[in-house]
Amino acid sequence: MSSDANTPVLPNCIRLPLAEDELLEVTAKAKDYAIMHGAAMRSKTAFSPDSLNFAPFVLVPSSFPRKEFEKAVALQPIINRLMHNVAHDEEFITTTLAETIKVDEFTANLFNIYRKVLAHGFTQKTSLGMLRSDLMLESGCPELSPRALRSAAGEDGGQDAGAAVGQGAGAAAGTGSKEEEHQEQKEHREVQLSRATKERERRATSAQSAYCCWKQVEINTIASGFGHLGPASKTIQRHIASVCCDPTIWHTCPRAVR
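Along each chain, residues carry numbers from 1 onward, in the same order as the chain's sequence is written. Local features in a predicted model are, by the rule used here, given only for residues with pLDDT of at least 70; side-chain atom pairs are given and counted only at 80 or more, and totals for whole chains, interfaces and linings are based on all residues. The side-chain numbers reported here are obtained from all heavy atoms of the structure, hydrogens and water having been left aside.

### Focus: the overall build of the protein
Per the convention used, a helix needs a DSSP run of H or I reaching at least four residues, while a strand needs a run of E reaching at least two, with both numbered from the N terminus. Each helix and strand counted, the protein has 10 helices and four strands in total. The N-to-C order of helical and strand elements in the protein reads α-β-β-α-α-α-α-β-α-α-α-β-α-α. Expressed as a percentage of its 258 residues, the buried residues of the protein come to 22%. About 18,000 Å² of surface is accessible on the protein, with carbon and sulfur atoms providing 56% of the total. Burial status follows relative accessibility: with a 1.4 Å probe on protein chains alone, a residue under 20% of its type maximum counts as buried, one over 50% as exposed, and anything between as partly exposed. Reported accessibility uses the Shrake-Rupley method at a 1.4 Å probe radius. Residues are deemed covered only where the shown protein chains occlude them.

Shown next as structure tokens:
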């Protein structure tokens, strides 16, 4: 949620905030549901072969436009191929990580493992990469700037149109007869006004949106044991939606990614 009441935001598909008693109930049910549906892990601090903890998950899903989600899905095979090529390019990895491994211990340890594997050679002919892409909607767009919002509200429209008309009148001065000059000024003014109107309409439409595009901010590999958490998270959040709101919310909310 934005702290600025004038900033456009994507509407929630679930009524928020939840009442405290409802929140506690939903949280407890979600934890049990997570464990029963495979979103579980061993404790790192008190390991026991006889017990499981729920894996961390987001209780309430964030709204994300379906059309942007589908764009991201369509691009993933290309991004996956790029990551595969990078992972098998020894020269590229060595060059790009040369400075990083000097100051980052975690990356240095991974790089040492990589060098050892290269030294012994690859024994498997097939490799599988399980990748997780982190996406965020971009809101710092020119059409969503304060100036664009003012223009969309019509605060700058009169000034822009007036300046355009004035420029048109000056450009037409001194050419032809008075009648022709008047006609040229009129036509030029109509063109400029039409352009100004269309621009304001375009900005007004854009300004109502909370984003202009999405950007991939990170990509991570996932351990095979955690590969199930992606689809499991979707199942958990569907369950939460059915508990704390209308069970058909995924069909009635046009922005929900189903």
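### Things to note about helix H1 (residues 20-36)
When the terminal C-alpha atoms of H1 are compared, their 25 Å separation across 17 residues agrees well with the 24 Å that a helix rising 1.5 Å per residue should span. Among the residues of H1, those classed as buried are Glu22, Val26, Ala30, Tyr33 and Ala34. Projected down its long axis, H1 carries its buried residues within an arc of 95°, all on one side. Set apart from the buried face of H1 by more than 90 degrees, the exposed residues are Glu20, Asp21, Leu24 and Met36. Looking one or two places after H1, you find glycine 38, whose phi comes out positive at around 90°. By this rule, a helix spans an expected 1.5 Å times one less than how many residues it contains. Comment: arc refers to directions from the helix axis out to C-beta atoms.

### A short note on the nonpolar core
Val26, Ala30, Tyr33, Ala34, Ala39, Met41, Ala55, Leu59, Leu229, Ala232, Ile236 and Ile240 form the largest nonpolar core, which has 12 residues in total. When checking whether two residues touch, look at their non-hydrogen atoms; a contact exists if any pair is within 4.5 Å. Beyond its immediate chain neighbours, meaning those up to four positions away, methionine 41 contacts Leu52, Asn53, Phe54, Ala55, Pro56 and Phe226. Each nonpolar core is a collection of buried residues, namely Ala, Val, Leu, Ile, Met, Phe, Trp, Tyr and Cys, held together in the definition by side-chain atoms within 4.5 Å.

### Some words on the packing of aromatic side chains
Pairing of aromatic rings covers Phe, Tyr and the six-membered ring of Trp, with a centre-to-centre limit of 6.5 Å; geometry is then stacked below 30 degrees between planes, edge-to-face above 60, and tilted otherwise. Following the criterion strictly, the structure yields two aromatic pairs and no others. Here the aromatic rings of phenylalanine 54 and phenylalanine 57 are separated by 5.9 Å at their centres, their planes lie at 70°, and the arrangement is edge-to-face. Owing to a relative accessible area of 32%, phenylalanine 54 belongs among the partly exposed residues under this scheme. The exposure class of phenylalanine 57 is partly exposed, given its relative accessible area of 24%. On the basis of an interplanar angle of 40° and a centroid distance of 6.1 Å, the ring pair of phenylalanine 111 and tyrosine 114 is categorised as tilted. You can see phenylalanine 111 and its partner tyrosine 114 sitting in helix H5 (residues 105-120), three residues apart, about one turn around the helix.

### Things to note about H5
The end-to-end C-alpha distance of H5 is 23 Å, a good match for the 22 Å that 16 residues give at a rise of 1.5 Å each. Taken residue by residue, H5 has Thr107, Ala108, Phe111 and Tyr114 as its buried positions. Mapping the buried residues of H5 onto a view down its axis gives an arc of 120°, with all of them on the same face. Exposed positions of H5 whose direction lies more than 90 degrees from the buried face are Glu105, Phe106, Ile113, Lys116 and His120.

### Thoughts on the environment of leucine 59
Among the secondary structure elements, leucine 59 is positioned in the loop between strand S2 (53-54) and helix H2 (66-87). Taking the C-alpha atoms as reference points, leucine 59 and alanine 241, 182 residues apart in sequence, are found 9.8 Å from one another. In this view, leucine 59 contacts Leu23, Val26, Thr27, Ala30, Gln237 and Ile240; residues no more than four positions away in its chain are not counted.

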